[in-house]
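Single-letter residue listing:
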Amino acid sequence: MSELVRLERRAAVAIVTIDRPERMNALSWATVQQLGELGRELASDPGVRVCVVTGAGDKAFCAGADLKERQGMSRGQVREMLSAYRSELAWLEKSDFVSVAAINGAALGGGLELALTCDLRIAAPLAVFGLPETALGIIPGAGGTQRIARLLGESRALDLVLTGRRIDSSEALALGLVNRVAPSAEQLLDCALKWLEPVAEGAPLAQRAALSAVRAARRLPLDEGLDFERAAYERCLDSADRDEALLALSEKRKPRFQGK
Ligand code: COA
């Protein structure tokens, strides 16, 4: 099987690169399967604190569904693909590490949906974003309608989903679709790594508790969310890292966290 997705490890950071630049890193069946396999491997490794997802080349982060492959698919196969997006990409929002899309170029259709499945997003200045599915007689089918509405609110989500218009990185930043825009494409990865340094090097239990509590806000009513937050706080309160942080503060030094 050819390698459609590459993995690079830099200490606690995993960098996952979709490597099909000749097809604009489009999501073929095999690419989605490889993303799923890799994700399960990373999710079982407690040493991973941050996972950056990006695309090879300078044109596309991911141009969505592989439209050439899609032409030859039966309706049943398309249905299987929709299920695969959900099952194979879920690790991006369910693992103990934070996932970050480093959007190096076009993020269109399923490509933007992939970025939306990540916890955070950083883009290159010339990246473009859009959900053009309705122009193809379909709708976003990899969670895009749900995640973009939760992220941007209904009104902004409808603007993008119904018109299918493409937006640039400054509009994406103004809308809140991306957290940051790097000064240049060349600096994208370094910017992402610098930005996430406090996560990669911070107190592991606190980072995990904070991530799970904020993620819980997506699905829980407020009262249940407050209970969830309280339980997550308890896990930190009992930790040796919390005692170490207080001690380090009084000794005016950097804390040495052990994840305990
Ligand atoms: N699936 C499969 N192949 C794709 C693709 C996709 N989603 N998007 C682009 N490609 C292929 C093109 O067919 C072309 O292949 P070819 O040279 O064999 O014809 C190659 O990638 C380069 O694409 P091209 O459009 O010439 O590159 P570009 O730099 O001018 O534009 C994009 C790049 C990403 C902006 C443009 O390809 C695009 O808009 N793609 C469609 C994305 C889309 O609508 N996705 C939503 C699907 S719901």
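These notes cover the structure that comes with them. Just so it is clear, the structure is predicted and the values come from calculations on it, not from any experiment.

Criteria and thresholds
As a convention, each chain's residues are numbered from 1 in the sequence order in which they are written. Given that this is a predicted model, residues contribute local features only at a pLDDT of at least 70 and side-chain atom pairs are listed and counted only at 80 or more, while totals for whole chains, interfaces and linings are drawn from all residues. Side-chain metrics in this entry use all non-hydrogen atoms of the structure; hydrogen atoms and water are not considered. Here a strand is any run of E in DSSP of at least two residues, a helix any run of H or I of at least four, and the numbering for each starts at the N terminus. Restricting the calculation to C-alpha atoms gives the radius of gyration, and the globule rule supplies 2.2 Å times the number of residues raised to the power 0.38. Each residue is placed in one exposure class: buried if its accessible area under a 1.4 Å probe, protein chains only, is under 20% of its type's maximum, exposed if it is over 50%, and partly exposed if it falls in between. We call two residues in contact whenever any of their non-hydrogen atoms come within 4.5 Å of each other. Using the Shrake-Rupley algorithm and a 1.4 Å probe, accessible areas are obtained, with residue cover drawn only from the displayed protein chains. Neither His nor the chain termini are counted; the positive set is Lys and Arg, and the negative set is Asp and Glu. Where a charge lies is defined by one atom per residue type: Lys uses NZ, Arg uses CZ, Asp uses CG and Glu uses CD. We call a set of buried Ala, Val, Leu, Ile, Met, Phe, Trp, Tyr and Cys residues a nonpolar core when their side-chain atoms join them within 4.5 Å. Aromatic pairing here means that ring centres of Phe, Tyr or Trp (its six-membered ring) are within 6.5 Å. Orientation follows from the plane angle: under 30 degrees is stacked, over 60 is edge-to-face, and everything else is tilted. When at least one non-hydrogen atom of a residue lies within 4 Å of a molecule or strand, that residue is treated as near it. The definition of a polar contact used here is a pair of N or O atoms within 3.5 Å, where within protein one atom must be able to donate a hydrogen and the other to accept one, and adjacent residues in sequence count solely through side-chain atom pairs. In this description, strands pair whenever DSSP reports at least two bridges between them. Axis definition: a line fit to C-alpha positions, over the contact stretch in the case of helices; interaxial angles, taken between N-to-C directions, run 0 to 180 degrees. For salt bridges, the criterion is a side-chain nitrogen of Lys or Arg within 4 Å of an Asp or Glu carboxyl oxygen. Note on angle classes: values under 35 degrees are labelled roughly parallel, values over 145 roughly antiparallel, values of 65 to 115 roughly perpendicular, and the remainder oblique. In this scheme the crossing of two helices becomes right-handed for a clockwise turn of the near helix relative to the far one and left-handed for an anticlockwise turn of less than a right angle. Take the residue count of a helix, subtract one, and multiply by 1.5 Å to get its expected span.

**Digging into the overall build of the protein chain**
Counting its secondary structure elements, the protein chain contains 13 helices and 10 strands. The C-alpha atoms of the protein chain give a radius of gyration of 19 Å, which matches the 18 Å a tight globule of 260 residues would have. C-alpha atoms of the protein chain, sized along the principal axes, occupy 65 × 40 × 35 Å. Residue burial in the protein chain is summarised as follows: out of 260 residues, 46% are buried. Across the protein chain, the fraction of contacts at a sequence separation of at least 24, relative to all contacts at a separation of at least 6, is 68%. Approximately 13700 Å² of the protein chain is accessible, and the part contributed by carbon and sulfur atoms is 54%. Side chains of the protein chain give 34 positive and 35 negative charges; the mean places of these two sets differ by 1 Å.

**Let's talk about the nonpolar core**
Within the largest apolar cluster, 47 residues are counted, with the highest numbers of intra-cluster contacts made by Phe61, Ile103, Phe129, Ile148 and Leu177. Among residues more than four places away in sequence, those in contact with Ile148 are Leu116, Leu131, Gly153, Ala157, Leu160, Val161 and Leu177. Ranked by size, the runner-up nonpolar core spans 18 residues in total, among them Val50, Ala102, Leu193 and Leu196.

**Focus: the packing of aromatic side chains**
All told, the structure shown has one aromatic pair when counted by the stated rule. Between Trp91 and Phe97 the ring centres are 6.2 Å apart and the planes differ by 65°, which places this aromatic pair in the edge-to-face class. Among the residues examined, Phe97 registers a relative accessible area of 2% and is labelled buried.

**Describing the site of the ligand**
Residues in contact with the ligand amount to 16 residues; listed here are only the nearest, Ala63, Ala65, Leu67, Lys68 and Arg166. Contacts to the ligand include Glu22, whose backbone N or O atom sits 3.4 Å from an oxygen atom. Within the backbone of Ala63, an N or O atom sits 2.8 Å from a nitrogen atom of the ligand. Alone, the ligand offers 880 Å² of accessible surface; in the complex the protein occludes 61% of this.

**Re the sheet that holds strand β7 (residues 120-123)**
Taken together, six strands build an open sheet; the order of strands is β1-β2-β3-β5-β7-β10 and the sheet is mixed. Each edge of the sheet is formed by a strand with only one pairing partner; in this case those strands are β1 (5-10) and β10 (180-181). Helix-sheet contacts for helix α5 (residues 110-117) involve β2 (13-18), β3 (50-55), β5 (98-103) and β7, and the interaxial angle to β5 is about 145°.

**As for α5**
Along α5, eight of the eight residues are buried, which leaves the element largely enclosed by surrounding structure. Within α5 the residues assigned to the buried category are Gly110, Gly111, Leu112, Glu113, Leu114, Ala115, Leu116 and Thr117.

**Let's talk about the side chain of Arg49**
Assignment of secondary structure puts Arg49 in the loop between α1 (29-43) and β3. No salt bridge forms around the buried Arg49; measuring N to O, its nearest opposite-charge neighbour Asp241 is 7.7 Å away. If we skip the residues at most four places from it in the chain, Arg49 touches Ala12, Phe97, Val98, Val199, Ala200, Glu201, Gly202, Ala203, Pro204 and Gln207.

**Quick notes on unusual backbone geometry**
One non-glycine residue with positive phi stands out, namely Ala11, at about 55°. Residue classification places Ala11 among the exposed residues on the basis of a relative accessible area of 70%. One non-glycine residue, Met24, lies in the positive phi region at around 55°. With relative accessibility at 30%, the residue Met24 sits in the partly exposed group.

**Points about the packing of α5 against helix α6 (residues 144-152)**
Packing of α5 against α6 brings their axes to within 9 Å, and their N-to-C directions diverge by 55°. With respect to α6, the element α5 is oriented oblique. For α5 against α6, the interelement crossing comes out left-handed. Between α5 and α6, the residues in contact are Glu113, Leu116 and Thr117 and Gly144, Arg147, Ile148 and Leu151, respectively.

**Quick look at helix α3 (residues 75-89)**
In a regular helix each residue adds 1.5 Å, so 15 residues correspond to 21 Å; α3 covers 21 Å between its end C-alpha atoms and thus fits that length. Taken residue by residue, α3 has Met81, Ala84, Tyr85, Glu88 and Leu89 as its buried positions. Each element contacted by the buried residues of α3 is listed here: α1, α2 (67-71), α4 (91-94) and α5.

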